[in-house]
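Spelled out, the chains give:
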Amino acid sequence: MLRLGLFLLSLFFATPLAIAGDNVIYHDGDVELEGYLARAPETGSPIVMIVHQWKGLGDYEKMRADMLAKEGYNVFAIDMYGRGIRPKDPKAAGEEATKYKSNPTLARERLNAALAYARDIENADRSRIAIMGYCFGGAMALELARSGADIKSAISFHGNLTSGMPATKPGSIKAAIAVFHGNADPHVSREQVRMFREEMNAAKADWMFTEYADAVHAFTEKEAGNDPSTGAAYNEKADKRSWAAALDFLKETL
């Protein structure tokens, strides 16, 4: 059975998935946002929110949303930036992402607008909600958890680990947290890893931290290329292992 499961998982990753969900419009105050909703086949299924990487919501996050929908989740891939704001180059993406990473209040407001939309998804179990994200999105998933949002779990894939509003009060984090991190990621220092661990312990959070050998930043994204010396590159082994671990974590927490 184990060999069969691994074989099916390898086929799943090797075969491109057709986009099967729908683009949806929602708002944060006067800001119009465009997300993506992939529905579970059964009513009463839990909800998973996905936060995009620094270039904004695109096909990658939609693919992950469809993958999760096939696992039995209602998946809402959210828009942090605003409808039509999809930076094309690293400089523009960095500037856009920094607006939210440097302003936790703004980030949490935008995240909570998405959470409010998720809680209105019809025929879903609104009491069982998780959030996950990639790179910038991983940092944002942790930001929502740090805010004390009433969600079940938060998952970060190769995300930034620090916040301008760290959680320090015991019991302030309600979500269980899973971090999947590249051990060779040059964008997250060992000091930041140490600070994150101390923060989680101070908050008495339910957390786990998994590191993958030889993995750098963006290890789940094939678009990052295959040259680890650049600091961002795809790592197939880390990608498959972290995805399998994330599915187990979602099953446990939702």
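Predicted, not measured: the structure shown is a model, and the values here were computed from it. (Residues numbered from 1 in each chain as written. Predicted model: local features only at pLDDT ≥ 70, side-chain atom pairs only at ≥ 80, totals over all residues. Heavy atoms only, no water.)

1. Quick word on the pairing of strand β3 (residues 45-51)
Here's step 1: Burial of β3 is extensive: seven of the seven residues sit out of reach of the surface.
Here's step 2: Here β3 runs beside strand β4 (residues 74-77); their pairing, made up of four bridges, is parallel. Within β4, the residue paired with M49 across the bridge is F76.
Here's step 3: Since β3 and β4 lie parallel, the crossover through helix α2 (residues 59-70) that links them has a hand, and here it is right-handed. (Buried < 20%, exposed > 50% of the residue type's maximum accessible area, 1.4 Å probe, protein only. Helix = DSSP H or I, 4+ residues; strand = E, 2+ residues; numbered from the N terminus. Pairing = 2+ DSSP bridges. Right-handed = clockwise from strand over helix to strand, strands pointing away.)

2. Here we look at the packing of α2 against helix α7 (residues 236-253)
Here's step 1: Orientation of α2 relative to α7, taken along the N-to-C sense of each, is 50 degrees, at an axis distance of 12 Å. Looking at the two axes, α2 sits oblique to α7. Crossing angle aside, the handedness with which α2 passes α7 is right-handed. Between α2 and α7, the residues in contact are R64, M67 and L68 and D239, W243, L247 and L250, respectively.
Here's step 2: Taken together, the residues that form the contact of α2 with α7 break down as five nonpolar, no polar and two charged. (Axes fitted to C-alpha atoms, helices over the stretch in contact; angles between N-to-C directions. Parallel < 35°, antiparallel > 145°, perpendicular 65-115°, else oblique. Left-handed = near helix turned anticlockwise from the far one by under 90°. Contact = heavy atoms within 4.5 Å. Nonpolar A, V, L, I, M, F, W, Y, C, P; charged D, E, K, R; others polar.)

3. A look at the pattern of salt bridges
Here's step 1: Scanning the entire structure with this criterion turns up 15 salt bridges.
Here's step 2: Linking R83 and E32 is a salt bridge whose minimum nitrogen-to-oxygen distance equals 3.3 Å. Linking R83 in the loop between β4 and α3 (90-101) with E32 in strand β2 (residues 31-38), this pair joins segments that are 51 residues apart in sequence.
Here's step 3: Sharing partners across several salt bridges, the network here consists of E32, E34 and R83. (Salt bridge = Lys/Arg side-chain N within 4 Å of Asp/Glu carboxyl O.)

That's the geometry; what it means functionally is another story.
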